[in-house]
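The residues making up each chain are set out below.
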Amino acid sequence: MSAASAERPHSDRPLIAEANRLMDRNPGYRFEIIGGQILASPPRDAPHSRALTRLMRPFNTAGVDGDEAEVLQGIGLWLPSGTEDYAIPDLVVVDTDAEEHYVENNCYEPAPFRLVLEVTSNNWKADLQTKVTAYANAKIPIYVIVDRKHQRLHVLTEPTRDEYATHRIHAPGEVVTLPDSLGAKVTLDVAEILEAGRPKQTS
């Protein structure tokens, strides 16, 4: 167990202060700091949120969201890549003691994170490139990307210095079993998840 650190004033954190100012002025947008750069993500559209809802079901069905782990959306991950770096993954699996690892600015140390997951939006390159390096550097064991742009599901495991040693890309029609390190057998139907993330056709 680790004690929660005291929150530092934002005046000592100019990038965080700017990110929070932008967040106040742009409701619904998500602002992250990776590699000393502020990244902005637009508000989630309905298909993006629908994909996240569908994704939570297999984790809950497998019993991941229980006594030892939780499935959560939109909590901050403090990154070791910079003095103010943090990300806000779409969905995470964390140990139930995650709140004991609080750092600041609603962010938590990487230690309790078992998995991070992103559903791509129009800034999909950040999820497929920038965040791969950031999450590997933070030693997050599993990184899953629902790539709506290219209609693929990426599963990255075995983080090394700034990349993942294993990067598997799955297409619709495949059923993917996530690594046992999650603590339960979680399987994802690629076609079902990608379909949930598509805009519904209107006549």
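Residues numbered from 1 in each chain as written. Predicted model: local features only at pLDDT ≥ 70, side-chain atom pairs only at ≥ 80, totals over all residues. Heavy atoms only, no water.

K.L.:
Can you tell me about the nonpolar core, naming the residues and giving the values?
P.N.:
Phe59, Leu115, Leu117 and Leu178 are the most contacted members of the largest nonpolar core, which totals 27 residues. Counting only elements with at least two residues in this core, the list comes to α2 (46-61), β3 (69-73), β6 (91-95), β8 (113-119), β9 (142-147), β10 (152-159) and α4 (190-196). Among the elements that take part in this core, α2 stands out by supplying five residues, more than any other. Aside from chain neighbours lying at most four places away, what touches Leu117 is Leu52, Leu55, Pro89, Asp90, Leu91, Val144 and Val146. (Core = buried A, V, L, I, M, F, W, Y, C linked by side-chain atoms within 4.5 Å. Buried < 20%, exposed > 50% of the residue type's maximum accessible area, 1.4 Å probe, protein only. Helix = DSSP H or I, 4+ residues; strand = E, 2+ residues; numbered from the N terminus. Contact = heavy atoms within 4.5 Å.)

K.L.:
Give a detailed account of the layout of surface pockets, specifying residues and quantitative values.
P.N.:
A volume near 340 Å³ is recorded for the largest pocket. Around the largest pocket, the lining comprises 21 residues; the ones closest to its centre are Met23, Arg30, Phe31, Gly74 and Ile88. Only α1 (14-25) and β1 (30-34) provide two or more residues apiece to the lining of the largest pocket. (1 Å grid on protein atoms, 1.4 Å probe; cavity = no way out; pocket = protein on both sides within 12 Å on 5 of 7 lines; lining within 4 Å. Points joined across faces, edges and corners; volume = space filled by probe spheres on them.)

K.L.:
Describe in detail the pattern of salt bridges, supporting the description with residues and values.
P.N.:
All chains considered together, the criterion is met by 11 salt bridges. Between Asp90 and Arg44 there is a salt bridge, with its nearest N and O atoms 3.5 Å apart. One end of the pair, Asp90, is in the loop between β5 (86-87) and β6; the other, Arg44, is in the loop between β2 (37-41) and α2, with 46 residues separating them in the sequence. Residue classification places Asp90 among the buried positions, given a relative accessible area of 1%. Exposure remark for Arg44: the relative accessible area of 36% places this residue in the partly exposed category. Salt bridges linked by common partners bring Arg30, Glu32, Arg44, Asp90, Glu118, Asp127 and Lys131 together as one network. (Salt bridge = Lys/Arg side-chain N within 4 Å of Asp/Glu carboxyl O.)

Honestly, that's just the spatial picture; any functional story needs more than this.
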